[in-house]
Amino acid sequence: MSGTRTIFAMGGGGFTMEPDNPALDDFILSLAGTREPRILFLPTASGDPTAQIAAFDARFAERACVSSHLSLFRLHGMRRPLREIVLEQDVVYIGGGSMRNLLAIWRAHGLDALLTEAWERGVVLAGLSAGAMCWFEGGITRSSGPPETIAGLGLLPGSLSVHADGEPERLPAYLAAVRSGALPGGWAADDGVGLLFEDARLARAVSSRPGAGAQRVDAVEGELVRARIEPELLGAGPHAMPAPGDAVEELRAVRRLRGR
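Along each chain, numbering runs from 1 in the same order as the chain's sequence is written. Local features are withheld for residues below a pLDDT of 70 in this predicted model, meaning they are given only at 70 or higher, and side-chain atom pairs are given and counted only at 80 or more; totals for whole chains, interfaces and linings count all residues. The side-chain figures draw on all heavy atoms in the structure; neither hydrogens nor water molecules are used.

At least two DSSP bridges between two strands are needed for those strands to be called paired. By the criteria applied, helices consist of DSSP H or I runs no shorter than four residues and strands consist of E runs no shorter than two, each listed in order from the N terminus. Across the sheet, which stays open at both edges, the eight strands sit in the order β3-β2-β4-β5-β1-β10-β11-β14 with mixed pairing between neighbours. Each having just a single partner strand, β3 (66–69) and β14 (232–233) make up the two edges of the open sheet. Relative to strand β5 (residues 124–128), strand β1 (residues 6–10) runs parallel, the two sharing four bridges. Across the sheet, M10 pairs through a bridge with L128, a residue of β5. In this fold helix α2 (residues 50–60) packs onto β2 (38–42), β3 and β4 (91–94), with an angle of close to 160° to the strand it touches most, β2. The contact criterion used throughout is that any non-hydrogen atoms of two residues lie within 4.5 Å. Every axis in this analysis is a line fitted to C-alpha atoms, fitted for helices over the stretch in contact. Angles between the N-to-C directions lie between 0 and 180 degrees.

Here we take up the side chain of S71. Topologically, S71 is positioned in the loop between β3 and α3 (82–87). Residue classification places S71 among the buried positions, given a relative accessible area of 7%. In this structure the side chain of S71 is engaged in a polar contact, spanning 2.6 Å, whose partner is the side chain of D48. Throughout this description, buried means an accessible area under 20% of the type-specific maximum (1.4 Å probe, protein chains only), exposed means over 50%, and partly exposed covers the range between. Polar contacts, as counted here, are pairs of nitrogen or oxygen atoms within 3.5 Å of one another; within protein the pair requires one atom able to donate a hydrogen and one able to accept it, and residues that are adjacent in sequence qualify only if both atoms are side-chain atoms.

What follows is about the packing of helix α4 (residues 99–109) against helix α5 (residues 111–120). Where α4 meets α5, the closest approach of the two axes is 5 Å, and the angle between their N-to-C directions is 85°. Here α4 is positioned roughly perpendicular relative to α5, judged by the angle of their axes. Residues W106, R107 and H109 of α4 touch α5, and the partners they reach there are L111, D112 and L115. Convention used here: angles under 35 degrees read as roughly parallel, angles over 145 as roughly antiparallel, angles from 65 to 115 as roughly perpendicular, and any remaining angle as oblique.

Rendered as structure tokens:
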């Protein structure tokens, strides 16, 4: 556990979507900075399904870590307090599913505040889909069917849209929400792409798949500004990653010149 507040948000991927590609999950373990990190899986967003828990166990059981899971739907008989379980971890890994249900259940158990405390203490928070969007001010959910905006916990400034290439109906809804001001500017990430935030700033973008990418999306005076982020393909060396604000400042400069 380090002193840096770290969140790794994946558009999609990991053991639930890439059973034959461990690149993102191995990257998550590396973020802990310890030889044998303790990693806790929270499958709340999907209702704690047995199959998802089994997939987590299959991925991490033989790796150099101490893995466990926490089912908020099956707390009967648990002898240790949630706070003790969460704060002893090096990594907390959040699965995908319904962001609306995830946040409701977390709040019912006080886990939203507990995970915030863990993040502030240096526990790495990682997740995909709903487990990635929940850390931001907002995102696009399909918990009720059609894509719609939803508020998150706000640990990270801005918004996130996931599955940008895997669920094509999400991205147009996200772009429209940013353009209208229903969501603040933020990021859209393809499946297989992870965005690493350190102390609430984007530090690195990585990918498990060639060709997958992300983009920074902002609205400036009613105009959408989109800047592609080329992630580092894990195992293939670094790629340049533009600063998220560069395209916005460039458009503002152009508009100032036009005004003259």
